[in-house]
Amino acid sequence: MIQDLRHALTSLWKSPGFTLVAVFTLALGLGANTAIFSYVHAILLRPLPFPTQDRLVAVYGAVQRDGWERRAFSLADFRDYRAHATTHFAELAAYSDTSVTLTGGNGAAERLYAEMVNAGYFPALGVPPLRGRVFRSDEDAVPGAAPVALISEGLWRRRYGGDPAVVGQKIQLNETNFLVVGVMPDGFRGISDHAEVWMPMAMVDPMVAPEAWSRRGWRWHEAIGLLKPGATILQAQAELDTIAASIAKANPEDSNQYGARVIDLREELVGDLRQPVLTVLVAVGCVLLITCVNVANLMLVRLNGRRAELGIRASLGAGRTHLARLFLAEAALIGLFGGALALLMALWGIDVLRQITDVPQYIDPRLSWPVFLFAAALAAISGLAVGLFPAWEAGRRDLLTVLKDGGRGAAGAVAGKRTRSGLLIAEITLALALLIGSGLVARSYYNLVQLDPGYRPTGLLTGTFELPAARYDADRARVFRQQLQEKLAALPGVRSAALATNTPLDGNSSSTFGVADRPAADPADNEFRLYTHAVSSGYFTTLGTPFVAGGDFDPAMSANAEGEPVVIVSENVAKKFWPKSGAVGERIKAGRGNRATWMRIIGVVAETKSRRLPENSTRDPDVYLPLVRHTGLLTSVAIHADGEAAALQPAVRQVLAALDPNIPLYHVATIEDRIRQRTAGPRLITQLTGFFSGVALILACLGIYGVVSFNVGLRTQEIGVRMALGARPVDILNLVLGGTGQVVLAGLGLGLALAFALSRLMASLLYNVPATDPLVYGGGAVVLALAALLAAWVPARRAARVNPVEALRAE
């Protein structure tokens, strides 16, 4: 075997063109697969960065409608679950994303991501602090029990220079003094993956709304659970179902049909990434198969060029096994060199993917040992695969006839014609399947970006700020917002400005509403969920959302002339409950029972995609309340610019700082940027699958060109004879293209079948395009067929120009 490897190395060295093409082609497929597998390993296989990850589960609230719909927990419900779920749970911990303003110290006011957590959060994750301690149970017992906080290692070093004395000192969060009791270790950013501050839920919730401690209808908390050793998810689910039934029985008005669902924590954190990354892995797997087919065909061509050498070896006593080993040794070296080059390509590819993808921090794709072993195994398998066909051909033919025949004619000529044709069919099959898959993804992405969101996607700048509760009551907040809106509208380059509790694609909460004067057998039939927004006058003009009926709020309007609270609803509400008479002038109520508030509808606006893309659920449309009635302190701004919206950022920040220097503006972005961010996943899949399908198409064309060119070279004498007997150039073209066409048609048929089978697996990734879209299937087949015929036409045209005299003289 060592002698075979030495000979193979010498042989490859003497054929640098073949060696470079084969190694680079194989490295391209291996490098792409290694880079993508680094993401697969990081997302699906590598342990989560929590010591207790084997027993961690995600627990989320849910409401039963047509199945279970996800909802957050109310703090009151969660406390009941935690108190009674002790059979299979070692710990239940709640958390909620928020943000806080850090003031004081050596820096300017800074907005930080934070998590509100209970005392069981850190024990459940099993992550000890780098310095200090985590929260005690007494600091999470009653509202406002202890203003304490934990900070991240990154914030500790960035803001406080890594000073150990920060533990035990006070910092100002939302202008309230918090005692720093600990610093979390490097890399820990919480379940949300972006937190820099952690505060007890008992301290923070009263800062937002004191009623949050007891109201079961106020749901904004997520939860994790630590199972006891040996407990299963099914057992934990059954336990929570029992508790949910007792909570609903005791609180039928707020908790009826509400429950809790338990899933694996990894599924919760990376479940949305599973199918996209596996789809891309399948795509690069197809590219690798195509590269292997191309290299195998190159080696078959090389086999035919070495017939005389192999015949001499056979005459000197070399057996078929020995001849087969020669090609396996060459293939092994090609796989080795290709694998080494692939590692360099993978390092570059991983770096590029890290820059263009947005994945959680704990998903750290890198060339780790498991990824390296995967690459090595793939290189070995690929090397073996590309060597099997020429080794089989070399071992199965009687090459002694080559010497007797002088290397001419059928006896010594065509090694592996059927094998090459079969490989070419496989190449076309894979290329078409990949081309159709990328076409489906591309059309889906096109439908997504062409979607009308219901608001103006260009020229809009948005941002968010929060007024500190320590200095702003409802009246002062109302005055501040009015002054800010007036100053923003007066800025040069601003057409209009508005304020709201949330701007498009920022997220919002939903509440229960009802309608009046509608007879129903069940009163629940007149109740529904609406996503609520509080907006200032001019909000719809600023966003470019048209009114379908009625009109806007007046600047200080919260009620009509009769003193009734007023409201604006989206078009879906009007269509559902007042399809004929229209909604303007009708009444809806917010809340239930004695807490319900009746409001008069003064306007209907077009439906907007305000929460997510590609679309919102029509089950939960929107309702808009006057901002002057809003008592919260978190507010967003929306500005319609004359020119480039992003250029207004400094001026907007200056206006806000002039009114209050301790209020930073954050989440500043244009609507175009927000849409790009929301469509980043589909766009990335489209780009990657499109790139790899393009590579597959080029490789398939090169394979067709190479095989047809080689076949034409072998048939030069035959073509010369045909032309000497009267065949016309067009007859030669038909002869060559006809044989190629049969192979292409076979590949197209199998490719359509393979695409049909695989596309159903990616149906959930598609938007507004069927998985069996005939336009994409037909277009992909036509593109590949034309490219294949073009690749075959060049050598076919050369064959049609063969001089019959020279061909016969060579014979």
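Residues numbered from 1 in each chain as written. Predicted model: local features only at pLDDT ≥ 70, side-chain atom pairs only at ≥ 80, totals over all residues. Heavy atoms only, no water.

Student: Mind showing me how you'd approach the overall build of the chain here?
Tutor: The secondary structure content of the chain amounts to 25 helices and 23 strands. In the chain, which comprises 811 residues, the share counted as buried stands at 52%. Sequence-distant contacts in the chain: of pairs separated by 6 or more residues, those separated by 24 or more amount to 79%. By element, 58% of the accessible surface of the chain is carried by carbon and sulfur atoms, the whole surface being about 35900 Å². (Helix = DSSP H or I, 4+ residues; strand = E, 2+ residues; numbered from the N terminus. Buried < 20%, exposed > 50% of the residue type's maximum accessible area, 1.4 Å probe, protein only. Contact = heavy atoms within 4.5 Å. Areas by Shrake-Rupley, 256 points an atom, 1.4 Å probe, with all protein chains shown as cover.)

Student: Would you explain empty space enclosed by the protein in this entry?
Tutor: Take a probe with the size of a water molecule and roll it over the atoms, and the empty space left behind shows itself. Considering all chains together, one arrives at 3 cavities of 30 Å³ or more under this definition. Looking at the largest cavity, it is lined by 13 residues, and the ones nearest its centre are Asp77, Tyr81, Arg219, Tyr258 and Gly259. Of all the elements, helix α7 (residues 233-250) adds the most residues to the lining of the largest cavity, at 3 residues. A breakdown of the residues in the lining of the largest cavity according to their chemical character gives 8 nonpolar, 3 polar and 2 charged. Its volume calculated, the second largest cavity comes out at about 50 Å³. As for the second largest cavity, its lining consists of Tyr455, Pro504, Tyr539, Phe540, Leu543, Thr545, Thr608, Ser610 and Tyr624. The element contributing the most residues to the lining of the second largest cavity is helix α17 (residues 539-543), with 3 residues. (1 Å grid on protein atoms, 1.4 Å probe; cavity = no way out; pocket = protein on both sides within 12 Å on 5 of 7 lines; lining within 4 Å. Points joined across faces, edges and corners; volume = space filled by probe spheres on them. Nonpolar A, V, L, I, M, F, W, Y, C, P; charged D, E, K, R; others polar.)

Student: I'm lost on the pairing of strand β12 (residues 258-264) in this one. Help?
Tutor: A regular strand carries its side chains on alternate faces of the sheet. The buried fraction of β12 amounts to 5 of the 7 residues, a majority that puts the element mostly inside the structure. Here strand β1 (residues 56-65) pairs with β12 via 7 bridges, running antiparallel. Looking at β12, one finds that Gly61 is bridged to Ala260. (Pairing = 2+ DSSP bridges.)

Student: Would you explain the packing of helix α1 (residues 2-14) against helix α2 (residues 16-45) in this entry?
Tutor: Think of two packed helices as two axes; the pair is described by the angle between the axes and how far apart they sit. Orientation of α1 relative to α2, taken along the N-to-C sense of each, is 100 degrees, at an axis distance of 5 Å. In terms of orientation, α1 lies roughly perpendicular with respect to α2. Contacts between α1 and α2 involve Leu12, Trp13 and Lys14 on the former and, on the latter, Pro16, Phe18 and Thr19. Among the residues forming the contact of α1 with α2, the class breakdown is 4 nonpolar, 1 polar and 1 charged. (Axes fitted to C-alpha atoms, helices over the stretch in contact; angles between N-to-C directions. Parallel < 35°, antiparallel > 145°, perpendicular 65-115°, else oblique.)

Student: It is not clear to me how the packing of aromatic side chains should be interpreted in this structure. Could you clarify?
Tutor: Counted by the stated rule, this structure contains 17 aromatic pairs. A centroid spacing of 6.2 Å and a plane angle of 70 degrees characterise the contact between Phe122 and Trp198, whose relative ring orientation is edge-to-face. With Phe122 in helix α4 (residues 121-125) and Trp198 in strand β10 (residues 197-200), the pair connects residues that are 76 residues apart, well separated along the chain. Per residue, the accessibility class of Phe122 equals that of Trp198, and both read buried. On the numbers, 5.3 Å between centres and 75 degrees between planes, the contact of Phe540 with Phe547 is edge-to-face. Since its relative accessible area comes to 2%, Phe540 is described here as buried. (Phe/Tyr/Trp six-rings, centres within 6.5 Å; stacked < 30°, edge-to-face > 60°.)

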